[in-house]
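# Summary of the model geometry
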Amino acid sequence: MPNPNTSRRSFLQYGVAGTVAGYGLPATTTATEPLPAALTPVIEKLEPFFTPFDDFRDVSRGSPVPHSLPEAKRREVGLTRETWKLDIISDPENPATLGKQFSKKNDTAFDFPALMKLAEKHAVRFSRVMTCLNIGCPLGMGLWEGVPLRTVLWLTQPKENLRRVFFHGYHNDDPKQIFRASLPVGRVLEDPDNVPPVILCYKLNGEWLTPERGAPVRIVVPEHYGFKSVKWITNITLSNLASANDTYSNGNNDIDSPLKSFAATLSVPGRTKANTPIPVTGYAQVGISGVSKVQVWVSPAGKAWLTDDPYFTTAPWTDATILPPPAKWGGTVTDALLKDSMGFDAKGKPTTWPLKLGKAHWAALLPGLPVGDYTLRCRTIDDRGVAQPMPRPFKKSGRCDIEATKITVE
Ligand SMILES: Nc1nc2c(c(=O)[nH]1)N[C@H]1C(S)=C(S)[C@@H](COP(=O)(O)O)O[C@H]1N2
Ligand SMILES: [Mo]
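Residues numbered from 1 in each chain as written. Chains lettered and ligands numbered in written order. Predicted model: local features only at pLDDT ≥ 70, side-chain atom pairs only at ≥ 80, totals over all residues. Heavy atoms only, no water.

### Side note on the overall build of the protein
Secondary structure summary: the protein contains 6 helices and 23 strands in total. The C-alpha radius of gyration of the protein comes to 23 Å, within 12% of the 22 Å expected for a compact globule of 410 residues. Here the protein holds 410 residues, and 53% of them are scored as buried. For the protein, the proportion of contacts with a sequence separation of at least 24, taken over those separated by at least 6, is 73%. When the accessible area of the protein is evaluated, it comes to approximately 18,300 Å², of which 53% is carbon and sulfur surface. Computed over 48 positive and 40 negative side-chain charges, the inter-centroid distance for the protein is 0 Å. (Helix = DSSP H or I, 4+ residues; strand = E, 2+ residues; numbered from the N terminus. Rg over C-alpha atoms; globule rule 2.2 N^0.38 Å. Buried < 20%, exposed > 50% of the residue type's maximum accessible area, 1.4 Å probe, protein only. Contact = heavy atoms within 4.5 Å. Areas by Shrake-Rupley, 256 points an atom, 1.4 Å probe, with all protein chains shown as cover. Lys, Arg positive; Asp, Glu negative; His and termini not counted. Charge placed at Lys NZ, Arg CZ, Asp CG, Glu CD.)

### Considering empty space enclosed by the protein
What the rule picks out here adds up to 1 cavity of 30 Å³ or more. In this structure, the largest cavity encloses a volume near 380 Å³. Lining the largest cavity we find 27 residues, and of these V59, S60, F179, S229 and K231 sit closest to its centre. Of the residues belonging to the lining of the largest cavity, the class tally is 13 nonpolar, 8 polar and 6 charged. (1 Å grid on protein atoms, 1.4 Å probe; cavity = no way out; pocket = protein on both sides within 12 Å on 5 of 7 lines; lining within 4 Å. Points joined across faces, edges and corners; volume = space filled by probe spheres on them. Nonpolar A, V, L, I, M, F, W, Y, C, P; charged D, E, K, R; others polar.)

### What to know about the pattern of salt bridges
A side chain of one charge can pair with a side chain of the opposite charge if their charged atoms are brought near each other. All told, the structure shown has 19 salt bridges when counted by the stated rule. K231 is paired through a salt bridge with D58; the nearest N and O atoms lie 3.0 Å apart. Of this pair, K231 sits in the loop between β13 (218-220) and β14 (233-239) while D58 sits in the loop between α1 (40-44) and α2 (71-76), and the two are 173 residues apart along the sequence. A residue is classified by how much of its surface remains accessible, and D58, at 32% relative accessible area, is partly exposed. (Salt bridge = Lys/Arg side-chain N within 4 Å of Asp/Glu carboxyl O.)

### So, the packing of aromatic side chains
The relation between two aromatic rings is expressed through the spacing of the ring centres and the mutual angle of the planes. One pass over the full model with this rule turns up 20 aromatic pairs. Centre to centre, the rings of W84 and F110 are 6.2 Å apart; their planes meet at 80°, and the pair counts as edge-to-face. Of the two residues, W84 is situated in the loop between α2 and β3 (85-90) and F110 in strand β5 (residues 110-111); the sequence distance between them amounts to 26 residues. The exposure class assigned to W84 is buried, which follows from its relative accessible area of 1%. Given a relative accessible area of 4%, F110 falls into the buried group. (Phe/Tyr/Trp six-rings, centres within 6.5 Å; stacked < 30°, edge-to-face > 60°.)

### Let's talk about the sheet that holds strand β15 (residues 262-267)
Spatial ordering of the open sheet is given by β15-β17-β21-β20, a layout of 4 strands whose pairing is antiparallel. Both outer strands of the open sheet, β15 and β20 (321-322), are each paired with one neighbouring strand and no more. The sheet contact formed by β20 and strand β21 (residues 359-366) spans 2 bridges and is antiparallel. Within β21, the residue paired with T321 across the bridge is A363. (Pairing = 2+ DSSP bridges.)

### Section: unusual backbone geometry
Residue P216 is bonded to the preceding A215 through a cis peptide linkage, with omega at 0°. Here P216 is to be found in the loop between β12 (207-208) and β13. A cis geometry characterises the amide bond from W353 onward to P354, with omega recorded as -5°. For D173, which is not a glycine, the phi torsion comes out positive at approximately 55°. Tracing the sequence through the fold places D173 in the loop between β9 (164-169) and β10 (180-184).

### Thoughts on the nonpolar core
If you look at the biggest cluster of nonpolar residues, it comprises 54 residues, and the most contacted ones within it are F50, W144, V294, V296, W329 and W362. F112, V152, L183 and V198 belong to the second-largest nonpolar core, a separate cluster that totals 33 residues. (Core = buried A, V, L, I, M, F, W, Y, C linked by side-chain atoms within 4.5 Å.)

### Quick word on the site of ligand 1
Ligand 1 sits among 18 residues. The nearest are R57, R61, R213, R218 and K231. At 3.0 Å, a backbone N or O of R57 approaches an oxygen atom of ligand 1. V59 places a main-chain nitrogen or oxygen 3.2 Å from a nitrogen atom of ligand 1. Considered on its own, ligand 1 offers 530 Å² of accessible surface; in the complex 99% of this is hidden by protein. Given that more than half its atoms are within 2 Å of the pocket grid, ligand 1 belongs to the largest cavity. Within the shell around ligand 1, the residues separate by chemical class into 9 nonpolar, 3 polar and 6 charged. (Near = heavy atom within 4 Å. Polar contact = N/O pair within 3.5 Å; in protein donor to acceptor, adjacent residues only side chain to side chain. Sits in = over half its atoms within 2 Å of the grid points.)

### Brief notes about the side chain of S289
Counting through the fold element by element, S289 comes out in the loop between β17 (278-285) and β18 (293-300). Look past the residues within four positions of S289 in its chain and what remains in contact with it is K356, D382, D383 and R384.

### Structural notes on the environment of I43
Tracing the sequence through the fold places I43 in helix α1. Under the relative-accessibility criterion, I43 is labelled buried at 4%.

### As for the environment of T334
Looking at the element boundaries, T334 is found in the loop between β20 and α6 (335-338). Residue classification places T334 among the partly exposed positions, given a relative accessible area of 40%. In this structure the C-alpha to C-alpha distance between T334 and G348, which are 14 residues apart in sequence, comes to 8.5 Å.

### Structural notes on the side chain of T151
Relative to the helices and strands, T151 resides in helix α4 (residues 149-153). Aside from chain neighbours lying at most four places away, what touches T151 is L118 and H122.

### Description of the pairing of β21
Counted residue by residue, β21 has 7 buried out of 8 residues, so it is predominantly covered. As paired elements, β17 and β21 share 8 bridges and run antiparallel to each other. Directly across from I278, in β21, lies its bridge partner L366.

Just geometry here; none of it tells us what the structure is for.
Have a look at this one:
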């Protein structure tokens, strides 16, 4: 696989003063700033960086959901690598001018061996978190591998009248069950700065996609919420229609909203002793504008905040520590897999940190508190200095509310 690294921005060097067991994090973040020892036990218990298959959460529509079909049926309907067939056609209602089309009807469908042939030269791998626009917590963090969709699109020899690419997957041959998404053709043909390409994906964390994750082939759109990453892909339609009609545009969803940054906690002691420092951990989702800081703030519970400051911008936030790249990546991801992945160097080390469109972990040791009930809040600050939930606070463009967690000090 060619090394597709484009970013040469060197990233912060972390001192490695010793390795914490389990999650395998270096015990210091920078040579000058050791992590307090009280954080070691909670950091050891953090989830793996890449999500193991069984821990991925599933968002699938369909009755029955396609991945629940028995193997024989999946084979019959083209949901195995051996039987997969992809239509790539011009939209009959808003035709794009193509030199060539691929269809089951004419026995010219694009198939898995053809995809693997392209993969030899064009395959890319990149990490990204899969998040549902309507769910507050990511479904899983993965290393996705596939062929850029544009490489396949160019096989149709498009000439003109092509403005939008629509795609949908297997839907039990019931038009009412079609789950459709789309992109402007420009996004398929060209990638915004440092964002990986839209891919026809066949591997996750180095293994073939499982039926639940969309086998044999799904779309992955790196910078968008999960609904653009259509599973069990069977149809690509090249259209001259200028506007989207994604299934997700129903339900008041903002389908043009790329991934947002936000922070959430993973471990917070619900009850704790007075005047004793309180170790907390969490994760940050790294959206399109990155994450430069994670911050925490503890306040007495039930105390009203200023009504003209709904996002607590004037609260006394303090910085948490964003943890460095883990020594062990988790899932089935190895350094060998990472070394020719986008955003990683020849040794399998990330070239920037935290990984854009990914997940990072953080930790903080809160100062001891007097007896009482408290609220812990956390937030991200993006690369432009904008604090969560800005710049796009609306619920239907992806979740990013400032999380509030209760702590009782006894
Ligand atoms: N064919 C198909 N693809 C689909 C869906 C679906 O229902 N059918 N759900 C989408 C939504 S809403 C999300 S959030 C992601 C979730 O990906 P995952 O199930 O692999 O976690 O899949 C997307 N792809
Ligand atoms: Mo979703």
